[in-house]
Amino acid sequence: MFFARFSLKNVAAVFVVSFLLILGGLYSFRTLKIDMMPNIEIPQIVVQVVYPGASPGDVDEQIMKKTDKRLMGIEGIKNVNGTAMNNIAVYQLDFEYGTDMEKAISSINTVLSEVEYPDGIQKKVERISMDRIPIYFVSIYGDEETNKMVNDKIIPALEKLDGVGDIMLEGQKDRVVMIEIDQQKALANGLMLQTVKKSIEDSNFAFPAGTITSEDNVIPIQIKKELTTTEALKSIQLQGINGVIPLSDVASITAEEQYNSISRYGDKEAMMITLMKKPGANTVETVKEIQRVIDLFDDDMEYTIGYSQGDEIQKSVDTLVKEGIYGAIFASLSVLLFLRNIRATFIAIISIPLSLLITSIFLKQLDISLNMMSLGGMAVAIGRVVDDSIVVIENIFRRIRKESKHVSDELIISSTGEILKAIVSSTVVTAIVFLPMGFVTGMTGEIFYPFAITVVVALFASLLVSVTLVPILSKFSFKKVKREEKEGKLQTLYEKLLRFSLQKKWIVLVVSFVLLGTSFFFVSRIGFVMMPNEKQKILYIGMELPPSTSLEKANETSQRVEKMILDREYTDGTFSTVGGIDVQTGVAKTNMMTYYINLKTDADIEVETKELKEDIPTLLKDDFSDIKLTAVEMGSGQLASTLVTIDLFDTNLERLQENAAKVEEYMAKQSNVKEVKNNFKQKQAQWSVVIDDKKATSAGITNEMVLGLVAERTTPISVSVPNLDKAERKILLSYAQKATTKQDIEKILLPTKSGVIPLSEVASVKEESVFNSIQKKDGKIFARITADLNSTNIAQDTLTLTDGVKKDVILDSEVDVTFGGSDEETKEAFEQLGVAMVVAIGLVFVVMLLTFKKLRIPFIILTSLLFIPIGSFSALYITKEPLSLSSMIGLLMLIGIVTTNAIVLVDRIGQNRDEKKLSIRAAIIEAGKTRLNPILMTALATIAALLPLALSTSQGTLISKGLAIVVIGGLTTSTLLTLLIVPVMYELFHFRMIKKERAKSEKITPNM
């Protein structure tokens, strides 16, 4: 046995290497990035094409119809989802996993550059990342000085931090200079807004005018004209048809402050800074750095931290570490219970910290962060990494107690060699079951990759420890051990039960298969979900009023909502924003409101969510008949999807809206539906100016002239004057007489050769009702109705809901329907994991065949897997846990863990037959008694290590909880049955040999 022999001959070297690994592991663990979830590359890209002043219909006609098919032709693309809104087209492009996203972005930019868009178009291409969610937001209160400090000091300091990505500042007041032109006076002087704008910008310029040489020095010459103060704007000279006049003759100039959005904490106005991290950055360290910057200004401002993901992650990490420590303690106590020797117990559990520290080194090198999955892998591995050491130390300890020999190197090498094949094959089998995870594609494979790597590395590290360090420690620890040859009571009891089972095989088999059949009764009652949702006491509410709602009206409405929320019994604090930028689309919306509500610890978040979704529309029903409202608990986000989507396709928009309303109404009535969204519901008023071509041509008026003059009366023009009043000021130029009614638009004056005429003489203004957005999927207009289910059995409830829509909702024949949602994702993930399990069993079979060189042995060992469902499914049913992806990973792990017990037993049977020449029955009995303790110890250690995770209700353990429950339940029943079923199956697979042995025994007996 090479490793044991080498270690015993080079004790000092092994200790030095172990010490270095401990130091390296500690350093690696301390420097690992810490995050909530693995850094997953989502193959999605958002494309924005801005078309200023365009309606959704114009955006669809001029942008989307020219772009859809071209985007659909990009290599690797899966779905093209587009939305046409006022002024902008937004695409979400879904690609197949494994697509080269840099190449995809390059292809998208090429497509956009080839399309002939109208003038003034702006394009933006951006990748979607799981990192694109806020990690920190803070509300800052104060006056203009505080505003200046935030912009000039705090934001620049935050931008310098390595881990900080996008920063959004909401609720600040912009300094704006308003130049309002009197249209009558301007027209009397032949002035247009664009003329005034050019005159202002020409009053502030700098341009090089060559150089001169003076006394061997080259001196550059620059022509400058500076506009430095707001007061100076008044004296700008304008060239009119009646001569030169100052700007003040035709305009009023005022400086004022305007909100770009409005933020509050409670009822107190504030500026809100929202920060996102860069992809791959250490979230905890980034948040610490952000907090360090904020703390620098402690004495200069008052602020409230609304959310810090770093704190949430740290809590989750601390919880998993705590549960892992408890697991290690419980595993140690279970080993001590069997060995009844503190030194032997210490040697057995030394593999726990050493294996995990070695794993940390690998995680560091592989750039895997310390997240819920890698930490969960460590916590789960604690029970398994001690198994190899238990088997080795138990065999050495048993040999020393039963034999009167002095503790020698040969005894330790021999004892280690006896179980070498068993522990190597067991470790390989437990690790190899994760190999088929490579077949699991999509987000599921990405999420569980760190978990699988962590467990596999920990297992092989534990194997190395068990055959190197454990033999050395055994040599120095067992010099004085009380001899013991007498069998324990447990072995005696087990021998009787085993003999009975071998005599009455049919009873054991019938009982086992009845229990197996009963376990499938629980499957239909435990439910299926993608991931269990880990709820926090933070509620997010997003609300959109009709698109035409002004910021002032939205703010007034929001204040009513905020007061209602603050008056609720379980509200602990509210952060609200009115207007601002939509994080997902990057589009500025004055009609958008967001609320982050901190709830008290004793609040029932589901009740609060339900009541607020009912109370807010009721509060606003007199002012708004139709609002978009989203209310969800902050949780594990995309991992905990419970959505059902129904897509309707039709070219007739009115008919599409009517049919979407039918589906929405039906879904909203279902008791298990928390929320229903309809993306094709809202309409907005629109005034269309229809130009009479004949009249316009006769008057010498062009389409561009009408567009420019109407736009000037409705939308202020931005004027560029840098460093006005030594500050960044926005300058807006507009007419004082703004068009606010249909009649105002009709009265807009147009200059002609014969004088000015009203717009009504060459055009008509029609009032229309249009959709505020047009949704398209792969180039086809569609309506999507989304239901968020309150369910622990997503598959069944989704089927019931979609069947109900098919049966009870009568849709027009022209409408095409497709069904989807998280149920489809769940089914795909479960199917892939099911295939992975089948492949894992096949790989285990191959390993067993290569190890034992006999075809029957792998079949005997694999019969132990049949009874995993008995404990796993019943445990889920008892604890009311759904069957989730984490539970499925638990089942995958059990394939390796349970097989380990059978290997240890069968390996000993083979040794008895090959080396001791025992009969099959005698070999089984001896092997059972000898391997009973290590089998029970390893099973109990694994169960004890997972108990804290299974029983925990703390934040951060939910993903590991289902896995722990499945492993505990499955391992308990399969271990107990393995001790009986495997011996029974061994005899059944060797029934002919047993007959020969009995016949031979009967011949010998009479002669005696």
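The name given to the protein in an unreviewed UniProt entry is Swarming motility protein SwrC, with the source organism recorded as Priestia taiwanensis.

1. Some remarks on the sheet that holds strand E23 (residues 717–719)
Read from one edge to the other, the open sheet built from 4 strands follows the order E12-E7-E24-E23, with strand pairing classed as mixed. With partners counted over all chains shown, the strands left at the sheet margins are strand E12 (251–259) and E23, one partner each. The average angle at which neighbouring strand axes cross in this sheet is 30°, direction not considered. Where strand E7 (residues 173–181) and strand E24 (residues 730–735) come together, 6 bridges link them in parallel fashion. The residue bridging isoleucine 181 from the neighbouring strand is tyrosine 735, located in E24.

2. Examining the packing of aromatic side chains
What describes a pair of aromatic rings is the distance from one ring centre to the other and the angle between the planes of the rings. Summed over the entire model, instances satisfying the criterion amount to 10 aromatic pairs. When the ring of phenylalanine 137 is compared with that of phenylalanine 575, the centres are 5.6 Å apart and the planes differ by 70°; the resulting orientation is edge-to-face. Taken as a pair, phenylalanine 137 in strand E5 (residues 136–141) and phenylalanine 575 in strand E17 (residues 571–579) lie far apart in primary sequence, 438 residues in all. We classify phenylalanine 137 as buried; its relative accessible area is 2%.

3. Some thoughts on the pattern of salt bridges
Evaluation of the coordinates by the stated rule reveals 36 salt bridges. Here aspartate 60 makes a salt bridge to lysine 776, at a shortest N to O gap of 3.1 Å. Taken together, the positions of aspartate 60 in helix H3 (residues 56–72) and lysine 776 in strand E28 (residues 773–777) put the pair 716 residues apart, joining distant regions of the chain. The class for aspartate 60 is buried, based on a relative accessible area of 6%. Glutamate 418 serves as the salt-bridge partner of arginine 908, at 3.6 Å between the closest nitrogen and oxygen. Of this pair, arginine 908 sits in helix H29 (residues 885–914) while glutamate 418 sits in helix H14 (residues 409–418); the two residues are 490 residues apart in sequence, bridging distant segments of the chain. Looking at arginine 908, the relative accessible area reads 5%, which means it is buried. In the salt-bridge network here, residues are joined through shared partners; they are Glu418, Arg908, Lys916 and Glu926.

4. Some points on the nonpolar core
One finds Phe434, Phe451, Phe478 and Leu891 to be the most contacted residues of the largest nonpolar core, which totals 159 residues. Counting residues per element, this core draws most heavily on helix H13 (residues 372–402), which supplies 17 residues. Those residues in contact with phenylalanine 478, other than ones at most four positions away along the chain, are Asn341, Ala344, Ile347, Ile393, Ile396, Phe397, Ile400 and Val407.

Definitions and limits used
Residues numbered from 1 in each chain as written. Predicted model: local features only at pLDDT ≥ 70, side-chain atom pairs only at ≥ 80, totals over all residues. Heavy atoms only, no water. Pairing = 2+ DSSP bridges. Helix = DSSP H or I, 4+ residues; strand = E, 2+ residues; numbered from the N terminus. Axes fitted to C-alpha atoms, helices over the stretch in contact; angles between N-to-C directions. Phe/Tyr/Trp six-rings, centres within 6.5 Å; stacked < 30°, edge-to-face > 60°. Buried < 20%, exposed > 50% of the residue type's maximum accessible area, 1.4 Å probe, protein only. Salt bridge = Lys/Arg side-chain N within 4 Å of Asp/Glu carboxyl O. Core = buried A, V, L, I, M, F, W, Y, C linked by side-chain atoms within 4.5 Å. Contact = heavy atoms within 4.5 Å.

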